[in-house]
Every structure is written in structure tokens, then in C-alpha cells.
Amino acid sequence: SINNDNNNINISSIECTNCSIECKPLRCSACKLVSYCSKTCQRLHWKKHHKHVCCGMDNNKRKKKETKKVKDESRNVFQAGNELQMLISNMSSHEMKQHYDK
């Protein structure tokens, strides 16, 4: 319900965007356009819909997050490759032959 007393808007409860329950407002921190009854509803709605349409999180932020994720994954693969290369270089030729003969 919205009370308008002397031009001061007081929002005491609002309908949850995810589950439609009337609740105390918990708004999207980026766009402030959608409301939720709990952090659980906010997370569920974000994962299935809102992250794709939220105007508060522009494409540059999304691209930066995706780029960072790819860089982190690439770094992990590179580190694993270095570790494998070090293991191989520390093996004697006899150990390598035994490993490949199995």
C-alpha cells in the first residue's frame, strides 16, 4: 500500500515481482524498478530473468564480468598446463617409459 501524506510518499508494502506476495519493499539495487519479498526471491528472479533486462546494469558491466570470468578460467588452464609441464620435466626417461608402456 502507498500512503501519500502531505506529498511525502510512504511505501509500507508492495507486491513481490517474483512471487506476487505483498511485502516490505526490497528493491533491485541497480535499477530500483522491481521489488521482492526476500533475498531468495530476488536471487531467483535475477537468475531467470532480471539480469537480462535490468537497465541499472549496463552492457559494459556485463561484458567486464564475462571478460573477467574468461580471463580467470584461462589463467587456471595456463597454471594447470605449467604444473603438468613441470611434472613431466621432473620425470626421468625411465619413469616416462614406464608410464607410457602401461
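Now for a quick tour of the structure. (Residues numbered from 1 in each chain as written. Predicted model: local features only at pLDDT ≥ 70, side-chain atom pairs only at ≥ 80, totals over all residues. Heavy atoms only, no water.)

**Thoughts on the overall build of the protein chain**
Thinking step 1. Helices and strands together make up the secondary structure of the protein chain, namely three helices and six strands.
Thinking step 2. Secondary structure elements of the protein chain, listed N to C terminal, follow the sequence β-β-β-β-β-β-α-α-α.
Thinking step 3. Pairs at least 24 residues apart make up 13% of the contacts formed inside the protein chain by residues separated by at least 6 positions.
Thinking step 4. Accessible area of the protein chain: about 8,600 Å², with a carbon and sulfur share of 53%. (Helix = DSSP H or I, 4+ residues; strand = E, 2+ residues; numbered from the N terminus. Contact = heavy atoms within 4.5 Å. Areas by Shrake-Rupley, 256 points an atom, 1.4 Å probe, with all protein chains shown as cover.)

**Quick word on the pattern of salt bridges**
Thinking step 1. As enumerated under the stated definition, the model contains one salt bridge in all.
Thinking step 2. When the shortest N-O distance is used, the salt bridge between aspartate 72 and arginine 75 registers 2.9 Å. With aspartate 72 and arginine 75 both in helix α2 (residues 59-90), this residue pair falls three residues apart, about one helical turn. (Salt bridge = Lys/Arg side-chain N within 4 Å of Asp/Glu carboxyl O.)

**Side note on a positive patch on the surface**
Thinking step 1. Taken together, the side chains of Lys39, Arg43, Lys47, Lys51 and Lys69 make up a positively charged region of the molecular surface.
Thinking step 2. Among the elements that take part in the positive patch, helix α1 (residues 39-53) stands out by supplying four residues, more than any other.
Thinking step 3. By the secondary structure assignment, lysine 69 is in helix α2.
Thinking step 4. On the accessibility criterion, lysine 69 (53% relative accessible area) is exposed. (Patch = residues over 30% accessible without salt bridge, like charges linked within 9 Å, V, L, I, M, F, W, Y side chains within 5 Å. Lys, Arg positive; Asp, Glu negative; His and termini not counted. Charge placed at Lys NZ, Arg CZ, Asp CG, Glu CD. Buried < 20%, exposed > 50% of the residue type's maximum accessible area, 1.4 Å probe, protein only.)

**Section: the side chain of serine 35**
Thinking step 1. Turning to its location among the elements, serine 35 is positioned in strand β6 (residues 35-36).
Thinking step 2. At 3.0 Å, the side chain of serine 35 forms a polar contact with the side chain of arginine 27. (Polar contact = N/O pair within 3.5 Å; in protein donor to acceptor, adjacent residues only side chain to side chain.)

**So, the nonpolar core**
Thinking step 1. With eight residues, the main nonpolar core is built from Cys16, Cys23, Cys28, Cys31, Val34, Tyr36, Cys41 and Cys54.
Thinking step 2. Leave out the neighbours within four places in its chain, and cysteine 28 touches Val34, Tyr36, Gln42, His50 and Cys54. (Core = buried A, V, L, I, M, F, W, Y, C linked by side-chain atoms within 4.5 Å.)

**A short note on α1**
Thinking step 1. For α1, the principal kink sits at tryptophan 46 and spans about 70°.
Thinking step 2. The complete set of buried residues in α1 reads Cys41, Gln42, His45 and His50.
Thinking step 3. Here the buried face of α1 lies against β5 (26-27) and β6. (Bend = angle between axes of the 7 residues up to and from the residue.)

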